[in-house]
Amino acid sequence: MKYFKLYEEYKNIKLVFVGDIMQHMNQIEKERDRGFSYDGVFDNIESIVKSADFSVGNLETVFAGLDIVRHRDNGNPVFSAPDAFARSLSRVGFDALSVINNHMYDHDEGGLQRTVNIIEREGMLPLETAKVVEIGDLRIAFHPATSYVNDHDAGNRKLIRYPDLKISPFPDCFNIALVHWGGQFEPITSRQRRMCDSLISKGFDMIIGSGPHIEQPVEMIGDTLVAWSLGNFLSSHEGYNADKPNEGIMLEVNIGEEIDWQKINIKTENNKIVIQ
């Protein structure tokens, strides 16, 4: 990778990425009965998150000050998680949460801003725009992006699709694109592939995908590590998606003289993450 030509002296950085962090209504109700403690939910994977030099997840909900999930006429959810959920993610060891995905405007721009504020309050880094994190002498730039958002003003909850991911790598950084894309519960789409090609041509060192809610392959394409989709980290699909899997992977990436990665298969059972 071109990174190693620039930073050959810096080795052994461990990053951990997880997929879609969700709070469906049945999850919220279970925690309401327990005073929103979230005790035990993350016990099986907490040591993995805390073992990283930096850990990042895709927050597929917002903290809008409500503890309820409502639904549009077509059944699609409008998410809002209790603030205690942010506290539990911080307690488990997450360093940053990307908030750029199709649910980012579920409660309009005010809901998004409150989400950013709550994440900051709990000691984590909100990724609502590109930000640089320094680990030792290494500068890592995280670039969140989404290929579509839900139209929060439309009664039928239409999708607003973006023709391109308007992100570009920063100079003198190791650049990671955190991309929400693809079709839900579908294999890699041609649109994903076109966007991936564009990001690689721009010079991104790593692409971490979310959104399809299922695992898709992890592979090296040229000098770029591409995780097409990490699937679900914590979820409990209900309604018209009740038969869909609540599974995914955690991705450990080690950056040294070589880059290597390890997938850890996980699933949600009874609102608790278990390693498969």
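Throughout this description, residue numbers start from 1 for each chain and increase along the sequence as written. With the structure being a predicted model, the display of local features is reserved for residues of pLDDT at least 70 and the display and counting of side-chain atom pairs for 80 or more, all residues being used for whole-chain, interface and lining totals. Neither water nor hydrogens contribute to the side-chain values; these are computed over all heavy atoms in the structure.

**Side note on unusual backbone geometry**
One non-glycine residue with positive phi stands out, namely Asn 270, at about 55 degrees. By the secondary structure assignment, Asn 270 is in the loop between strand E17 (259-269) and strand E18 (272-275). Phi is positive for Asn 271, close to 60 degrees, though the residue is something other than glycine. Strands are runs of DSSP state E lasting at least 2 residues, helices are runs of H or I lasting at least 4, and numbering of each runs from the N terminus. Examined against the element boundaries, Asn 271 turns out to sit in the loop between E17 and E18. Summary of the burial criterion: residues with accessible area below 20% of their type's maximum are buried, those above 50% are exposed, and those between are partly exposed, where the area comes from a 1.4 Å probe applied to protein chains only. For Asn 271, a relative accessible area of 6% puts it in the buried group.

**Looking at the packing of aromatic side chains**
The way to describe two aromatic rings as a pair is by their centre distance and the angle between their planes. Only Phe, Tyr and Trp rings are paired, with Trp represented by its six-membered ring, and only when their centres lie within 6.5 Å; those with planes under 30 degrees apart are stacked, over 60 edge-to-face, the remainder tilted. Counting across every chain of the model gives five aromatic pairs. With centroids separated by 5.3 Å and ring planes inclined at 25 degrees, the aromatic side chains of Phe 54 and Phe 142 adopt a geometry described as stacked. In this pair, Phe 54 sits in strand E2 (residues 54-59) while Phe 142 sits in strand E8 (residues 138-146), placing the two residues 88 residues apart along the sequence. Residue Phe 54 is classed as buried on the basis of its relative accessible area, which comes to 9%. Owing to a relative accessible area of 1%, Phe 142 belongs among the buried residues under this scheme. Between Trp 181 and Trp 228 the ring centres are 5.6 Å apart and the planes differ by 20 degrees, which places this aromatic pair in the stacked class. Taken together, the residues span a long stretch of sequence, with Trp 181 in the loop between strand E11 (174-180) and helix H6 (190-202) and Trp 228 in the loop between strand E14 (224-227) and strand E15 (232-234) at a distance of 47 residues.

**Considering empty space enclosed by the protein**
If a probe the size of a water molecule is rolled over the atoms, the empty space left behind becomes visible. Both site types are read off a 1 Å grid over the protein atoms alone. A 1.4 Å probe that fits but cannot get out defines a cavity, while an open set with protein on both sides within 12 Å along at least five of seven lines defines a pocket; lining residues have an atom within 4 Å of a point. Grid points are joined across faces, edges and corners, and a volume is the space filled by probe spheres set on the points. Scanning all chains against the criterion turns up one cavity of 30 Å³ or more. In this structure, the largest cavity occupies an estimated 110 Å³ of space. Looking at the largest cavity, it is lined by 16 residues, and the ones nearest its centre are Val 18, Asn 58, Leu 178, Ile 208 and Ser 210. Throughout this entry, Asp, Glu, Lys and Arg are counted as charged residues, while Ala, Val, Leu, Ile, Met, Phe, Trp, Tyr, Cys and Pro are counted as nonpolar. The remaining residues, Gly among them, count as polar. Of the residues in the lining of the largest cavity, the class split is nine nonpolar, seven polar and no charged.

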